[in-house]
Amino acid sequence: MSTSCAREYSRDGKYFAFINSQGKFVVYDVETSNVNQIYTPNLHLNVPCTCFAWVEIGAGGQNSAKKKKKRASGGSVPPQTFVAFGTSKGGVALYGLASANIEKVFKGSGHSGPITAIYVQGDCLLTAGADGKVIEWSLGECVQRKVHNLGVEKLTCLVAVAEGSTILSGAKQLKLWDVENGKVVKTLVGHTSNTVLVKKIVSQDGLVFILTGSVNDRNVSMWSVEGDDKSAVGLFAMDDAPEYFSTRMVGGKLHLVAVSKSGVAHYFIKSLDKININKPIKPNYTYEVALDAAGTGSKAVDRLPIFTASVEFSSNQEQLLIAYGSDLSLKFEQITIEKDLKHNVIIREQIKGLLPKDKSEKDLKAKTPTVDKAVAEFLNPVNAGKKSLKTVEIPMEARLENLALSADGDLKTNANQKNMVHLLVQGLHSKDAEILRSVFSKNEPDLIQRTAERIPAQYVSILLNELSSLMQKKTVHVATAVCWLKALIHSHASQLMALGSENLLSNFGTCLGIIEYRVEHANSLSKLSGRLELLVSQIDRTERLAKNPDQMVNAHVLIHQEEEDSEVDSVIGKEHGSSEDEYDGMMDEDGPEEDDDAEDEEENALAGSFVRLRNGAGKQGGRNLQVDEESSGDDEDDDDEEMDVSD
């Protein structure tokens, strides 16, 4: 049997019990959906129960001698159903379901604080308390056996992994303890808040796995007891934090149904060998119960929250046992699982116990008149005796003086500090959430420092507990809580050191765990923040360019301005001439240097003869000189011209 929580089925599945918000123990008959009994502890005689577990003891827990006499006479001894209560004073009591009263109280010193978790293992009863101890009790003798000191941390969950040798307990961190040696075998880290739901499952191969659910995490974590893995091996995603879950192994597959705080049942079917931590498992089926609003004419549909759901005590594998309603009235029903429908919305009528009274009963003899608040005048004890009320008009000068930041600011600051101290002390004394929320909403370091200096010393430990619960919320609240914690340590370091190491560790244990968890993930969160910032900047740039398309068109344009034709021709001519010179230079470089000198002399002689012919001097040694002149004229004349010069 798994650890008990605020709601649990009996071992045979005939009864369902829970502890309501008023401290009453309520038992329902599953078949008829009727209340079997309600146990209300007499607070001035008995202490209220904090947790419970179903147990079965033969013949009302009598001694074995009487059992042997009855067996010798031929009669069988049917086991009777009892409930083991863990009380707020640290003791254990045995409640008889047949007598509807506490029959026995276990003998022993017990816990020094309230019992937070209880687990039944054969004839042994294990309890975990806020004092960090795990105590073994004997169900047959109703006495205390052994005490295991596991530390000073407040324990919130407990399960026996192996009989008499290994225990899994813890709060945010789950610790696997070797009972015989009293040493920690392994520490499982992954939850951000206290773990309240624990269940042990065993595979066909004999491997042991643990399913856990915490107060604020919106998933059910799966852990492997064997091996060196200190993190979860699988996550079952939900819409809200789990309040109850039930499991069953069918053919190597895990059937898990979990009920969230929002009243939705999530049904998971997964093979154990296919569970991966990198991919959270989504539910195969989701169940919700809605009110029938056909005759009301209202468009809004209210939801009936699912209080519990079970696959262990359903009639067959194709059905699911659910109970919907509230702690005032529940109705149990077997729901057939439709494999083709993933999201199931079940429409039901309002439960009989929660139906409003008839209209005739609701009508009052004296009716309250309607009042127009705009015209009505409300009297207070000061002006109630006056016949007429005169409206007092505040002059504009006085209003401006109230709004102005003058030299009276110091007086207002001191008044605000005194008000903050009074509000904080009042909220801590009365545990008023609204007052504490108004105080913690101000994140001004100077104001927080001055307020922490003025707080009385007897409220320091209470303030630490409030800051621990505040640090378990969102990042905005964590930043405010860290600022308050820093100011408190600076102002009241002497009072904190006077508490001692054990009390100091118990007070700061939750805060230190949250700080270590956040520091461990600071590197990955900073990387994620950088990537998100880059993506957001790209998205903003895309939206800005989409709104201003002119910027996107003219963003990367190369402008080339063409010159005039004359300038282009001159540039082309220069380029052509330079290219011919380069070509001649390249051809000249191919031959030897002596050929270059000879060619230069021949060109100079030819140029000199050509000049003399043009001047009319054509006789050289009585020979007729013929000169071929090659000239490149216009582009249209491609023929070579020849000049004949005769005497």
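All values reported here derive from a predicted model rather than from experimental measurement.

This next bit is on the sheet that holds strand β14 (residues 166–170). The strands that make up a sheet pair up through hydrogen bonds in the backbone, lying either parallel or antiparallel. Taken together, 4 strands build an open sheet; the order of strands is β13-β14-β15-β16 and the sheet is antiparallel. Looking at the sheet topology across the chains shown, the edges are occupied by β13 (157–162) and β16 (183–188). Each strand of the sheet is rotated relative to its neighbour by a mean of 25°, with strand direction disregarded.

One pass over the structure, following the stated rule, counts 6 salt bridges. Ionic pairing is found between Arg-303 and Glu-288, a salt bridge with its closest N-O pair at 2.9 Å. Residue Arg-303 is located in strand β25 (residues 303–304), and its partner Glu-288 is located in strand β24 (residues 285–291); the two are separated by 15 residues in the primary sequence. Look at Glu-288 and you get buried, because its relative accessible area is 16%. The partner of Arg-348 in a salt bridge is Glu-333, and the shortest N-O contact between them spans 2.6 Å. Of the two residues, Arg-348 sits in strand β29 (residues 343–348) while Glu-333 sits in strand β28 (residues 329–336), which places them 15 residues apart along the sequence. Residue Arg-348 is classed as partly exposed on the basis of its relative accessible area, which comes to 25%. A relative accessible area of 17% places Glu-333 in the buried class.

So, on to unusual backbone geometry. For Ala-100, which is not glycine, the phi torsion reads 55° and is therefore positive. Within the secondary structure layout, Ala-100 lies in the loop between β7 (92–96) and β8 (101–105). On the basis of relative accessibility, which here comes to 35%, the residue Ala-100 falls in the partly exposed class. Even without glycine at this site, Cys-142 takes up a positive phi of about 60°. Checked against the element boundaries, Cys-142 lands in the loop between β11 (133–138) and β12 (143–149).

Analysis parameters
Residues numbered from 1 in each chain as written. Predicted model: local features only at pLDDT ≥ 70, side-chain atom pairs only at ≥ 80, totals over all residues. Heavy atoms only, no water. Pairing = 2+ DSSP bridges. Helix = DSSP H or I, 4+ residues; strand = E, 2+ residues; numbered from the N terminus. Axes fitted to C-alpha atoms, helices over the stretch in contact; angles between N-to-C directions. Salt bridge = Lys/Arg side-chain N within 4 Å of Asp/Glu carboxyl O. Buried < 20%, exposed > 50% of the residue type's maximum accessible area, 1.4 Å probe, protein only.

Keep in mind these values describe shape, not function.
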